[in-house]
Amino acid sequence: GENVEQHPSTLSVQEGDSAVIKCTYSDSASNYFPWYKQELGKRPQLIIDIRSNVGEKKDQRIAVTLNKTAKHFSLHITETQPEDSAVYFCADPYGGSQGNLIFGKGTKLSVKP
Amino acid sequence: DVKVTQSSRYLVKRTGEKVFLECVQDMDHENMFWYRQDPGLGLRLIYFSYDVKMKEKGDIPEGYSVSREKKERFSLILESASTNQTSMYLCASTIEGGGRVEGYTFGSGTRLTVV
């Protein structure tokens, strides 16, 4: 079946530095790429998403970039803060338009003050 | 303003018990999903449903079944709980996008321990 690979599995940065998490997918028909943030003990929450008709989307300190040729998309967090510490998941639509997502295994981001 | 509610936050059950995990959403979403979350394995899809009385197997349906008798409620059933089903279970829902995938809203999760 389809899958999505997420790297790195853990990431530790100093406060104020940037963090980048990358995901690769296999289905060239995929057209929607969301990122979820899960803080400790809480539910995953959608923080940003991108559709295949754009290459980049920004929302304050977070951005997502998409490279359809290489089949990868990345989450960029600038000026990291301790509250950015969480597990981040990327996801890819399974089967193109079935409405269900295949999730990456997650990246645990630690931002050290 | 909780929109996806899972009935239990923590559950402890005995091996062999039949277990029901309930999920209710108040957003009139057509699509509902059950995932389990385990360290190092991320979120794995168990079952999903696109409409009342409809269900589809996900990647790891073995040992589970589901019920969707009403649009707002999607139940996950462990027919005979086993210790390897100890996990965090997450329910999610999303609007039917006419073939266009939309973002999920997740419930808070149920941490199930089978002893």
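Refer to the structure presented above.
Here is a short report on the structure shown in this document. (Residues numbered from 1 in each chain as written. Chains lettered and ligands numbered in written order. Predicted model: local features only at pLDDT ≥ 70, side-chain atom pairs only at ≥ 80, totals over all residues. Heavy atoms only, no water.)

**With respect to the overall build of chain B**
Right, on to step 1. On a plain count of helices and strands, chain B comes out with zero helices and 12 strands.
Right, on to step 2. Walking chain B from its N terminus toward its C terminus, one meets helices and strands in the order β-β-β-β-β-β-β-β-β-β-β-β.
Right, on to step 3. A compact globule built from 115 residues would reach a C-alpha radius of gyration of about 13 Å, and chain B, at 13 Å, matches this within 12%.
Right, on to step 4. The buried share among the 115 residues of chain B stands at 47%.
Right, on to step 5. A separation threshold of at least 6 residues defines the contact pool for chain B, and within that pool the share at least 24 residues apart is 55%.
Right, on to step 6. Side chains of chain B carry 16 positive and 16 negative charges; the gap between the two charge centres is 6 Å. (Helix = DSSP H or I, 4+ residues; strand = E, 2+ residues; numbered from the N terminus. Rg over C-alpha atoms; globule rule 2.2 N^0.38 Å. Buried < 20%, exposed > 50% of the residue type's maximum accessible area, 1.4 Å probe, protein only. Contact = heavy atoms within 4.5 Å. Lys, Arg positive; Asp, Glu negative; His and termini not counted. Charge placed at Lys NZ, Arg CZ, Asp CG, Glu CD.)

**Some thoughts on the interface of chain A and chain B**
Accessible area lost when the parts come together is the quantity often used to give the size of an interface.
Right, on to step 1. In this assembly, 20 residues from chain A lie in contact with 26 residues from chain B.
Right, on to step 2. Across the interface of chain A and chain B, roughly 1,900 Å² is buried in total on both sides, 52% from carbon and sulfur atoms.
Right, on to step 3. If you look at where chain A meets chain B, you find zero salt bridges.
Right, on to step 4. The tally of links from chain A across to chain B stands at eight residue pairs in polar contact (both at pLDDT 80 or more). (Buried area = accessible area lost by both parts, 1.4 Å probe. Salt bridge = Lys/Arg side-chain N within 4 Å of Asp/Glu carboxyl O. Polar contact = N/O pair within 3.5 Å; in protein donor to acceptor, adjacent residues only side chain to side chain.)

**A few points about the side chain of S65(B)**
Residue and element names in this part refer to chain B.
Right, on to step 1. As for its placement among the helices and strands, S65 is situated in strand β8 (residues 64-70).
Right, on to step 2. Residue S65 is classed as buried on the basis of its relative accessible area of 15%.
Right, on to step 3. In contact with S65, other than residues within four places in its own chain, are Y47, S75, L76, I77 and E79.

**Regarding the layout of surface pockets**
Right, on to step 1. Within this model, the largest pocket holds a volume of roughly 670 Å³.
Right, on to step 2. Taken together, 30 residues make up the lining of the largest pocket; nearest its centre are Q38(A), L40(A), G41(A), V87(A) and Q37(B).
Right, on to step 3. Contributions of two or more residues to the lining of the largest pocket are made by β9 (86-93) and β11 (107-112) of chain A together with β5 (31-38) and β10 (87-94) of chain B.
Right, on to step 4. Tallying contributions element by element places β11(A) first for the lining of the largest pocket, with four residues.
Right, on to step 5. Split into classes, the residues belonging to the lining of the largest pocket amount to 10 nonpolar, 13 polar and seven charged. (1 Å grid on protein atoms, 1.4 Å probe; cavity = no way out; pocket = protein on both sides within 12 Å on 5 of 7 lines; lining within 4 Å. Points joined across faces, edges and corners; volume = space filled by probe spheres on them. Nonpolar A, V, L, I, M, F, W, Y, C, P; charged D, E, K, R; others polar.)

**Topic: the sheet that holds strand β7 (residues 62-67) of chain A**
All names here are of chain A.
Right, on to step 1. Taken together, five strands build an open sheet; the order of strands is β1-β3-β8-β7-β6 and the sheet is antiparallel. Across the chains shown, the open sheet's two edge strands, defined by having one partner strand only, are β1 (4-7) and β6 (56-59). Adjacent strand axes in the sheet meet at a mean angle of 15° when their direction is disregarded.
Right, on to step 2. Relative to β7, β6 is paired through four bridges, and the arrangement is antiparallel. Of the residues in β7, the one forming a bridge with D59 is I62. (Pairing = 2+ DSSP bridges. Axes fitted to C-alpha atoms, helices over the stretch in contact; angles between N-to-C directions.)

**Digging into the state of the cysteines**
Right, on to step 1. Counted according to the given criterion, the structure contains two disulfides over all chains.
Right, on to step 2. The side chain of C23(A) participates in a disulfide bridge whose partner is C90(A); the two sulfur atoms lie 1.9 Å from each other. Taking the torsion about the S-S bond as the criterion, the C23(A) to C90(A) disulfide, at about -90°, is left-handed. Note that C23(A) is positioned in strand β3 (residues 19-25) and C90(A) in strand β9, a separation of 67 residues in sequence.
Right, on to step 3. In this structure C23(A) comes out as buried when scored by relative accessible area, which is 0%.
Right, on to step 4. Note that C23(B) is cross-linked by a disulfide to C91(B), the S-S spacing being 1.9 Å. In this structure the cystine formed by C23(B) and C91(B) twists about its S-S bond by roughly -75°; its chirality is therefore left-handed. Here C23(B) is found in strand β4 (residues 23-25), whereas its partner C91(B) is found in strand β10, with 68 residues between them in sequence. Here the two residues C23(B) and C91(B) agree in accessibility, since each one is buried. (Disulfide = S-S within 2.5 Å.)

**Comments concerning the pattern of salt bridges**
Right, on to step 1. Enumeration according to the criterion identifies 11 salt bridges over all chains in this entry.
Right, on to step 2. Put simply, K71(B) and E30(B) hold a salt bridge, and the shortest N to O gap is 3.7 Å. You can see K71(B) sitting in the loop between β8 and β9 (73-78) and its partner E30(B) sitting in the loop between β4 and β5, a full 41 residues away along the chain.
Right, on to step 3. The network of salt bridges with shared partners includes K37(A), E39(A) and K42(A).

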